[in-house]
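# A closer look at the structure
Given next are the chains, with one letter for each unit.
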Amino acid sequence: MGKRVAVVTGGIGGLGTEICKHLADSGCVVIAADLASRAERIEAFRAEVAAYGDAIRFEPLDIADFDACAALIRNVQNEFGSLDILVNAAGITRDTTLRKMTADQWHSVLTINLDGVFNMCRNVVDSMCERGYGRIVNISSVNGQTGQFGQTNYAAAKAGMHGFTMALAREVARKGVTVNSVSPGYCKTAMVMSMPENVRTQIVADIPVGRLGEPSEIARVVDFLISPDSGFITGANIPVNGGYFMDF
Ligand code: CAA
């Protein structure tokens, strides 16, 4: 197999950046798709991945826009001949108790975190099935497994994401395409660092390993799942949370 081609949504984000680097280290050409509007973060991303040269590229994308997702995927396929790997890592929070939540706070989180997964997968799934190969990884959250105070919107979207993962995994299992979720716990990202400090301190105290996760510790698992010899893992949800939530 030649160089595999990957698209990572939320590609310039806290987890996304590290995922892009790991996939490039594994020999993939990586397209980091993210909002065009945050010039400073795009520049910081470009600086951080400069050593990778052409192996990592930024492409503007609003994953809330179905047609824009279709266009990006079509362009990648036209340029490289295929799109082998899709990592849905775009996500936002609008934390507040349900009693205070506005319809806008609900819809923004569901649109980005869940509709975004549909918009990307719907546009890539036909070609992966036709070629008989594909790897889709959805970045969910421990809070989709446990619920979290102040996150009815986020927990619903993240739990929904894994339901989506299991259903799609069944639909494409005979076509060489795997679909899995990774559920990170609390990691050192801007999203977690912007939580109220006292809430974060309490959560870290409850994590058995006693610290926040490193984004690279999530990227490592994504890299494992997208490997060509991970074809027997599908419909799974891999927890990476320092023991914060244990299940069997
Ligand atoms: N469990 C139970 N009760 C709680 C609670 C908790 N965790 N937190 C607060 N309460 C109680 C308070 O004691 C308070 O009680 P009283 O009314 O009796 O005084 C009541 O609930 C309301 O609390 P607040 O006044 O603090 O509510 P708020 O509206 O000011 O803040 C919040 C609520 C914004 C949700 C805040 O608690 C918060 O930001 N929490 C963090 C949520 C979180 O973990 N987000 C994760 C972000 S990172 C991420 O999502 C990445 C990932 O995937 C892991």
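These lines cover the structure that appears in this document, whether it is placed above or below.

Cut-off values and rules
Residues numbered from 1 in each chain as written. Predicted model: local features only at pLDDT ≥ 70, side-chain atom pairs only at ≥ 80, totals over all residues. Heavy atoms only, no water. 1 Å grid on protein atoms, 1.4 Å probe; cavity = no way out; pocket = protein on both sides within 12 Å on 5 of 7 lines; lining within 4 Å. Points joined across faces, edges and corners; volume = space filled by probe spheres on them. Helix = DSSP H or I, 4+ residues; strand = E, 2+ residues; numbered from the N terminus. Nonpolar A, V, L, I, M, F, W, Y, C, P; charged D, E, K, R; others polar. Buried < 20%, exposed > 50% of the residue type's maximum accessible area, 1.4 Å probe, protein only. Polar contact = N/O pair within 3.5 Å; in protein donor to acceptor, adjacent residues only side chain to side chain.

The next subject is the layout of surface pockets. Over the atoms rolls a probe the size of a water molecule, and in doing so it shows where empty space is left. Size it by volume and the largest pocket reaches roughly 1,100 Å³. Considering the residues around the largest pocket, the lining is formed by 47 residues, among which G91, I92, T93, Y154 and M191 are closest to the centre. Among the secondary structure elements, those contributing two or more residues to the lining of the largest pocket are α1 (14–25), β2 (29–34), α5 (142–146), α6 (152–172), α7 (190–193) and α8 (197–205). Of the residues in the lining of the largest pocket, the class split is 23 nonpolar, 17 polar and seven charged. Taken as a whole, the second largest pocket holds about 180 Å³ of empty space. For the second largest pocket, the full set of lining residues is I12, G13, G14, T17, E18, R41, A44, F45, E48, T189, A190 and P215.

Structurally, the position occupied by S26 is in the loop between α1 and β2. For S26, a relative accessible area of 38% corresponds to the partly exposed category. Between the alpha carbons of S26 and K3 there is a distance of 9.4 Å; along the sequence they are 23 residues apart. Engagement of the side chain of S26 in a polar contact is seen with the side chain of D223, the distance being 2.7 Å.

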